[in-house]
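Each chain, letter by letter, is given below.
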Amino acid sequence: MGKSSNMNNNITKPLPGGVSLQLYNSADETIFESAGKWLYPLFEVEDYLHAMAFKAADIFLHDRIAGRAAASLISRMGFRRCFIDTISVPALEVFERYGVNCGYNQLVDKIECRTEDLITNEMDLDHVYRMLRKRAGRLQGIDLEIKELEAGYDGKKILKGLNIRMRAGDQLVIAGDNGTGKSTMLKTLIGRLQPFSGEIILGGMPQARVKKIPSPVGYVNQSIKQTEFPITAEEVVSLGLLGQKLSKSESEYQIEVSMRRTGCFHLAGRNINTLSGGEKQRVSLARCLAQKAGLILMDEPTSFLDRESKDEFLDVLTHVVRSHMPTILLVSHDHEWVERLGWPVKTLKDGVLCSTC
Amino acid sequence: MFDLLTYPPVMRGLVLLLISGFTFPLGGVFILRMNILPIRYLLMHGVLLGGALGLAFGLNLSVTSFVVNLLLIVILNQSSRILKSDYGHLSMFFMVATIAAASVITARFHVPAKDTLTLLWGSLYASDTGSIISAAAIGGGIVLFALIFFRYLTAVFYDRDVAASLGINVNVFELIVMLITSLVVASAMQLMGALLLDAQLILPVVIAGLLATGLKQTMVLSCVLGGAFSIAGFFISLFFDIPVSAGVAIPAAVMFIITIFVRNTKGLKHEYIKE
């Protein structure tokens, strides 16, 4: 039994042999197809939409099979219309809940797959998405746990028993006045300061045991440091490749992809000192992407940006979060910008996180 | 003029100058990029102390100078970390302490001060095969180091916090860079003399910094310019019968002035067009 009443016949025809997913444009022409298995074709679709700057709402998706996991991904990407050869009842419910018009050839009670069992009704789309990306090995973020951390300078305690827990792919803003320990916290996390006591656990491992190079920690600082000495944007991004065993062409590709993702590839040959604050931050973010940093630490990234640059950086950052899902710990006292970012905010006061201030 | 090249000391001098000219400017890149210019004055005084020690105890002057400079760098680096003071202030202190120590040794062991001071003037034509091997080892070493650790250097030069986040032990790496730099400075001092070593070490880098857009370009251009100034300087010195170090300084200074002039003119033109 099927449901395809208001859909074009061409689209509802079974997919060609070996093809598991197709995308059609408004003229019903095939613009993308994949022969991948499991949920990988949908992740490919996500990359494709991003690369082509297409909106999912304008495109029609035809998938061979969809359970609750696939339906969640399709809904989250923003598709409004799709056709599934074989669909499960829970998947249909997901489509109905998120207003996706879905046609199908065959309706089954359940798709037999372990992933389907892991998704519960209580999970929202973001939660499901994060879990699926993790299972697909496409979640760049790592867990971060800071336990009772005490650190400072010259024996003076600035962080006094700091506790933070972030799941892989989480984002968190730490706000607070000057001198509350925000920079101390970041310097301890990048290894510039040794903690007096406490523990930092990265990706489930104590910081001391985490492989130093390539490092899983990326760092974006304020863009004030200015030297007379020339260094190109490309050289800065290439730093992210430190310790990665890549051929020359692979390195070049990795640098290009990272720079394109943050919209700074056209600046590759420019001296970093001649770039604007916003351009420098895009380059820094591209460096973290090239590094495949699981945890990105950002120290007041908008301090020296004008309004327009802040807007642009917000877009780039939102995009990076959506496409790579790194864990990001951002320190800022730019309240307005942080509010627009929409990430959870905690305040650091007197060296501890304050829940009431 | 070219028949002078048939004399082994002159030929050896040219070979030495070529080796140092094409490789030592990398040390200049390290000095300028790490902002450790005052350190080279400390190293000059280190050479004097090494010379005094060598003459007092009958040791090889070059080796003693190298060792003294390496020790000074280690002490300076560790003091800077422990006292949380920058290299500029500390190197001033150690400079005074070093020259005081050299003075005490000179007086206590009746070392002829004039012999020690000749170290400051360089002795290109007095060099032997050992000097060539030593310069080649140091020059080759610094080129290899720059090739192998290019990204490490870029990271530390760019931003120490970023370098640390990339997993680099910044303090240890900086110490290694400074030790290598001290070897280059000590070696260049023997060739060019303390007073004019900047012509070979620093000026090519300053000019390259004005022309290049990236670190790799700066390094390559510095070496090319350093080599070119050395060759030109060598023949200028033969032609005008002046010290080699002065001969090297002349094309370097001329090129520096031209570069600054062209850059400023371009800048003015650019501003004019913008207006």
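Residues numbered from 1 in each chain as written. Chains lettered and ligands numbered in written order. Predicted model: local features only at pLDDT ≥ 70, side-chain atom pairs only at ≥ 80, totals over all residues. Heavy atoms only, no water.

1. Brief notes about the interface of chain B and chain A
Worth spelling out the cut-off: We call two residues in contact whenever any of their non-hydrogen atoms come within 4.5 Å of each other. Two parts placed together each lose some accessible area under a 1.4 Å probe, and adding up what both lose gives the buried area. Only one rule defines a salt bridge in this text: a Lys or Arg side-chain nitrogen within 4 Å of an Asp or Glu carboxyl oxygen. The term polar contact refers here to a pair of N or O atoms within 3.5 Å; inside protein, the definition further demands a hydrogen-donor-capable atom paired with an acceptor-capable atom, and it admits residues adjacent in sequence only when both atoms are side-chain atoms.
In this assembly, 28 residues from chain B lie in contact with 30 residues from chain A. In total, chain B and chain A occlude about 2,600 Å² of area from one another, counting both sides; carbon and sulfur atoms represent 60% of this. By the criterion of area lost to chain A, the three top residues of chain B are Arg151, Tyr158 and Leu166 of chain B, representing 28% of everything that side buries. The interface formed by chain B and chain A contains two salt bridges. In this structure, Asp161 of chain B and Arg192 of chain A form a salt bridge, with 3.0 Å as the shortest nitrogen-oxygen distance. In this assembly, chain B and chain A are joined by 10 residue pairs in polar contact (both at pLDDT 80 or more).

2. Looking at the sheet that holds strand E15 (residues 352–354) of chain A
Sheet strands pair via backbone hydrogen bonds, and the direction of the pair is either parallel or antiparallel. Residues and elements named next belong to chain A. Note the following rule: Strands are labelled as partners when DSSP assigns at least two bridges between them. Only runs of H or I of at least four residues qualify as helices and only runs of E of at least two qualify as strands under DSSP, and these elements are numbered from the N terminus. In this analysis an axis means a line fitted to C-alpha atoms, helices contributing only their contacting stretch, and an angle means the value between N-to-C directions, from 0 to 180 degrees.
Spatially, E11-E12-E13-E8-E14-E15 is the arrangement adopted by the six strands of the open sheet, whose pairing is mixed. Looking at the sheet topology across the chains shown, the edges are occupied by strand E11 (217–220) and E15. Neighbour-to-neighbour, the strand axes of this sheet turn through a mean angle of 25°, independent of strand direction. The sheet contact formed by strand E12 (residues 295–299) and strand E13 (residues 327–331) spans five bridges and is parallel. Residue pairing across strands places Leu295 opposite Thr327, the latter belonging to E13. In the packing of helix H10 (residues 277–291) onto the sheet, contacts are made with E11 and E12, and the angle to E11 comes to roughly 175°. Relative to the sheet, helix H11 (residues 307–324) contacts strand E8 (171–175), E12 and E13, its axis offset from that of E13 by approximately 150°.

3. Here we look at the domain arrangement of chain A
All names here are of chain A. The cut-off we apply is this: What fixes the domain bounds is an automatic or database domain assignment. Amino acid classes used here: Ala, Val, Leu, Ile, Met, Phe, Trp, Tyr, Cys and Pro are nonpolar; Asp, Glu, Lys and Arg are charged; the rest, including Gly, are polar.
Splitting chain A by domain gives domain 1 (9–135) and domain 2 (144–354). Relative placement of domain 1 and domain 2: their C-alpha centres are 34 Å apart. Counting from both sides, the interface comprises eight residues of domain 1 and, opposite them, 10 residues of domain 2. Between domain 1 and domain 2 the total buried area reaches about 720 Å² when both faces are included, carbon and sulfur atoms providing 48% of it. Of all residues in domain 1, His50, Arg130 and Arg133 give up the largest surface area on contact with domain 2, accounting jointly for 69% of the area buried on that side. The interface formed by domain 1 and domain 2 holds one salt bridge in total. The partner of Arg130 in a salt bridge is Asp170, with the nearest N and O atoms 3.6 Å apart. Remark: the boundary between domain 1 and domain 2 carries zero residue pairs in polar contact (both at pLDDT 80 or more). Examining the composition of the side of domain 1 that touches domain 2, we find that five residues originate from one element, helix H6 (residues 125–135), more than from any other. When the residues that make up the side of domain 1 that touches domain 2 are grouped by side-chain class, the tally is one nonpolar, two polar and five charged.

4. A few points about the packing of aromatic side chains
The geometry of an aromatic ring pair is captured by two quantities: the separation of the ring centres and the angle between the planes. Under the convention used in this document: Side-chain rings of Phe, Tyr and Trp (the six-membered ring for Trp) are treated as a pair once their centres are within 6.5 Å; stacked means planes under 30 degrees apart, edge-to-face means over 60, and tilted covers the remaining angles. Relative accessibility under 20% of the residue-type maximum defines a buried residue, over 50% an exposed one, and the middle range a partly exposed one, all with a 1.4 Å probe and only protein chains included. Two limits define a charge over a ring: the Lys NZ or Arg CZ must be within 6 Å of the ring centre, and within 35 degrees of the ring normal.
The tally for this structure, following the rule as stated, stands at 16 aromatic pairs over all chains. An angle of 20° between the planes, with centres 5.7 Å apart, marks the rings of Phe145 of chain B and Phe173 of chain B as stacked. Of this pair, Phe145 of chain B sits in helix H7 (residues 129–148) while Phe173 of chain B is found in helix H10 (residues 170–192), placing the two residues 28 residues apart along the sequence. Like Phe145 of chain B, the residue Phe173 of chain B is buried in the burial classification. Taken together, the ring pairs connect Phe30, Phe145, Phe149, Tyr152, Phe157 and Phe173 of chain B into an aromatic cluster. Just above the ring of Tyr129 of chain A sits the side chain of Arg76 of chain A; from NZ or CZ to the centre is 3.7 Å. Taking the ring centre of Tyr41 of chain B as reference, the NZ or CZ of Arg40 of chain B above it sits at 4.6 Å.

5. Things to note about a nonpolar patch on the surface
Residues and elements named next belong to chain B. Basically, it comes down to this: To count toward a patch, a residue needs a relative accessible area over 30% and no salt bridge; like charges are then connected within 9 Å, while nonpolar side chains (Val, Leu, Ile, Met, Phe, Trp, Tyr) are connected within 5 Å. Areas reported here follow the Shrake-Rupley algorithm with a probe of radius 1.4 Å; residue values treat only the protein chains shown as occluding.
On the surface, a nonpolar cluster with roughly 450 Å² of combined accessible area is contributed by Ile250, Val254, Ile258, Phe261 and Val262. Looking at the element boundaries, Val254 is found in helix H14 (residues 244–274). Residue classification places Val254 among the partly exposed positions, given a relative accessible area of 44%.

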